[in-house]
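Working through the structure, step by step
What follows is the residue order along each chain.
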Amino acid sequence: MEQRYSRQILFSGIGPEGQEKLGSSRVLLVGCGALGSVLAEIVVRAGVGRLTLADRDYVDESNLQRQSLYTEADCREGLPKAVAAGRRLRAMNSGVEVVEKVLDVDARSIADILPGSDLVLDGTDNFETRYLINDASIKWNVPWVYGACVGAYGICLTILPGRTPCLRCVLETMPPPGSSPTCDTAGIIGPIVHAVAALQAAEALKILAGKLGKVSRKLVTLDLWENRISATDLGKLQADPRCPACGLRKFEYLSGEHESRPQVLCGRNSVQVRRTAGAAVEFESIARRLERSGRVSFNEHLLRAELDGIEIALFRDGRGIVKGTSDVEEARRLYSKYIGN
């Protein structure tokens, strides 16, 4: 181990003791897209003990411009991102336990995957999941690092439950639909992904190495195109006693009361439609039925069907991603038409 991590151990901020703590740490990464790809590689190369990957999506060609873990072969195979990422991460460092969870992180599933973690890293693309992570972080006293980027703009904030303001102290309510730019409307460039992920990963190493005194108490924003970097000091702020999450401990998102059903996926012209399956979906019979209407292929994780100018990706848990529309009602109609209710 010493040879592999020798340069990291030489860094005084980590040292042998910090490396030992890293090696026994358990990290949950929610979202294996752009930020998630970079975060996963950094923490696996750094030698965390276990990394759990939780992602609901599959690898698409439009991901390759910025999602550094994936290849064209992953697209051709139709692999879920968690599976493709796990395969590559094990090849980077066989000493790290990598656990893949192909699922939508929601109020039900997060209770199964977050407790017992030492840290949660945010690789998501929507505020609903971030508020859910925030609730769970506070309930189970697990630090998390929020990150987001679009265009050339990015933001990073570290939350230490009981020590720093939480996400809802800073931003009490979700931005209304349409009020913020998305990858679909503003695009995104690769450098901002790596810049924000680097900030998040540095915070992760501090926390996992036990250096909580070095954790940033600032909300950092940066715009690489306009050459602007700013940091708002939150160090003097206390957790707001009126905050629904860390003050009142209401955990509205963890209870599921704010949970939406279909979700438009950032940068994909796609909508996720949830259906709860009592048992794993049986792809073979669905494929035979859909072959009369278009091209169908499937593997053990995912079925993909190209039908009437749209594509439906169906997961074993019954979730579907309808690609070719951002209209929620249209996506529901197409799912019902081809997959069923």
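Our structure's up above, just so we're on the same page.
The following refers to the structure shown. (Residues numbered from 1 in each chain as written. Predicted model: local features only at pLDDT ≥ 70, side-chain atom pairs only at ≥ 80, totals over all residues. Heavy atoms only, no water.)

Some words on the pattern of salt bridges
Where charged atoms of side chains with opposite charge meet at close range, the side chains can pair. Applying the stated criterion across every chain yields a total of 19 salt bridges. Residues Arg90 and Glu100 are paired through a salt bridge, measuring 3.0 Å at the closest nitrogen-oxygen approach. In this pair, Arg90 is assigned in helix H5 (residues 81-92) and Glu100 in strand S3 (residues 97-102), connecting sequence segments 10 residues apart. By relative accessible area, Glu100 is classed as partly exposed at 29%. Between Asp122 and Arg130 there is a salt bridge, with the nearest N and O atoms lying 2.9 Å from each other. The pair formed by Asp122 and Arg130 is uniform in burial state, with each residue classed as buried. A single network of salt bridges, built from pairs that share partners, joins Arg56, Asp104 and Asp125. (Salt bridge = Lys/Arg side-chain N within 4 Å of Asp/Glu carboxyl O. Helix = DSSP H or I, 4+ residues; strand = E, 2+ residues; numbered from the N terminus. Buried < 20%, exposed > 50% of the residue type's maximum accessible area, 1.4 Å probe, protein only.)

Some remarks on the packing of helix H3 (residues 34-46) against helix H10 (residues 190-208)
The contact between H3 and H10 brings their axes to 9 Å, and the two run at 40°. In terms of orientation, H3 and H10 fall into the oblique class. Note that H3 runs across H10; the crossing there is right-handed. From H3, Ala34, Leu35, Val38, Leu39, Ile42 and Ala46 reach across to H10, where they touch Val193, His194, Val196, Ala197, Gln200, Ala201 and Leu205. Considering only residue class, the contact of H3 with H10 consists of 11 nonpolar, 2 polar and no charged. (Axes fitted to C-alpha atoms, helices over the stretch in contact; angles between N-to-C directions. Parallel < 35°, antiparallel > 145°, perpendicular 65-115°, else oblique. Left-handed = near helix turned anticlockwise from the far one by under 90°. Contact = heavy atoms within 4.5 Å. Nonpolar A, V, L, I, M, F, W, Y, C, P; charged D, E, K, R; others polar.)

A word on unusual backbone geometry
A positive phi angle, close to 60°, is found at Asn227, a residue other than glycine. Looking at where Asn227 falls in the secondary structure, it is placed in the loop between strand S7 (218-223) and strand S8 (228-233). Accessibility expressed as a relative area gives 68% for Asn227, which makes it exposed. Of note in this structure, Arg249 is not a glycine but carries a positive phi near 50°. Counting through the fold element by element, Arg249 comes out in the loop between S8 and strand S9 (263-265).

Some thoughts on helix H2 (residues 15-23)
Buried within H2 we find Gly15, Gly18, Gln19 and Leu22. Angular distribution of buried residues about the axis of H2 spans 100°; they occupy a single face of the element. Along H2, exposed side chains directed more than 90 degrees from the buried face belong to Pro16, Glu17 and Glu20. Contact partners of the buried residues in H2: helix H1 (6-10), H3 and H10. (Arc of directions from axis to C-beta.)

Focus: the nonpolar core
With 49 residues, the main nonpolar core has Val48, Leu51, Leu53, Leu89, Leu121 and Val193 as its most contacted residues. Elements with a contribution of two residues or more to this core: strand S1 (26-30), H3, strand S2 (50-55), H5, strand S4 (119-122), strand S5 (144-150), H10 and S7. Among the elements that make up this core, the one with the highest residue count is H10 (9 residues). Contacts of Leu53, omitting those with residues within four sequence positions, involve Leu29, Cys32, Ala40, Ala82, Ala85, Gly86, Leu89, Val98, Val99, Glu100 and Lys101. (Core = buried A, V, L, I, M, F, W, Y, C linked by side-chain atoms within 4.5 Å.)

Points about the sheet that holds S4
Hydrogen bonding along the main chain pairs the strands of a sheet, whether they run parallel or antiparallel. Taken in spatial order, the 8 strands line up as S3-S2-S1-S4-S5-S6-S7-S8 in an open sheet, and their pairing is mixed. Looking at the sheet topology across the chains shown, the edges are occupied by S3 and S8. Shown here is a sheet whose adjacent strand axes are inclined to one another by a mean of 15°, direction ignored. Sheet topology places S5 next to strand S6 (residues 153-159); 7 bridges connect them, and they run antiparallel. Bridge assignment links Trp144 to a residue of S6, and that residue is Ile159. Strand contacts of H5: S2 and S3, with the helix running at about 170° to S3, the strand carrying the most contacts. In the packing of H10 onto the sheet, contacts are made with S1, S4, S5, S6 and S7, and the angle to S5 comes to roughly 175°. (Pairing = 2+ DSSP bridges.)

Considering the sheet that holds strand S12 (residues 302-307)
The strand order S9-S10-S14-S13-S12-S11 describes an open sheet built from 6 strands, whose pairing is antiparallel. With partners counted over all chains shown, the strands left at the sheet margins are S9 and strand S11 (295-298), one partner each. In this sheet, adjacent strand axes meet at a mean angle of 20° when their direction is disregarded. The sheet contact formed by S9 and strand S10 (residues 270-273) spans 3 bridges and is antiparallel. Bridge pairing links Leu265 to Ser270 in S10. Where helix H11 (residues 283-290) meets the sheet, its contacts fall on S11, S12 and strand S13 (310-315), and the angle it forms with S12 comes to roughly 10°.

Some remarks on the packing of aromatic side chains
We describe a pair of aromatic rings using the distance from one ring centre to the other and the angle between the two ring planes. Summed over the entire model, instances satisfying the criterion amount to 5 aromatic pairs. What links up through ring pairs into an aromatic cluster is the set Phe127, Tyr131, Trp144, Tyr146 and Tyr253. Here the guanidinium or amino end of Arg130 rests over the ring plane of Phe127, the centre of that ring lying 5.3 Å away. Its end group placed over the ring of Phe283, Arg316 keeps NZ or CZ at 4.0 Å from the ring centre. (Phe/Tyr/Trp six-rings, centres within 6.5 Å; stacked < 30°, edge-to-face > 60°. Lys NZ or Arg CZ within 6 Å of the ring centre and 35° of its normal.)

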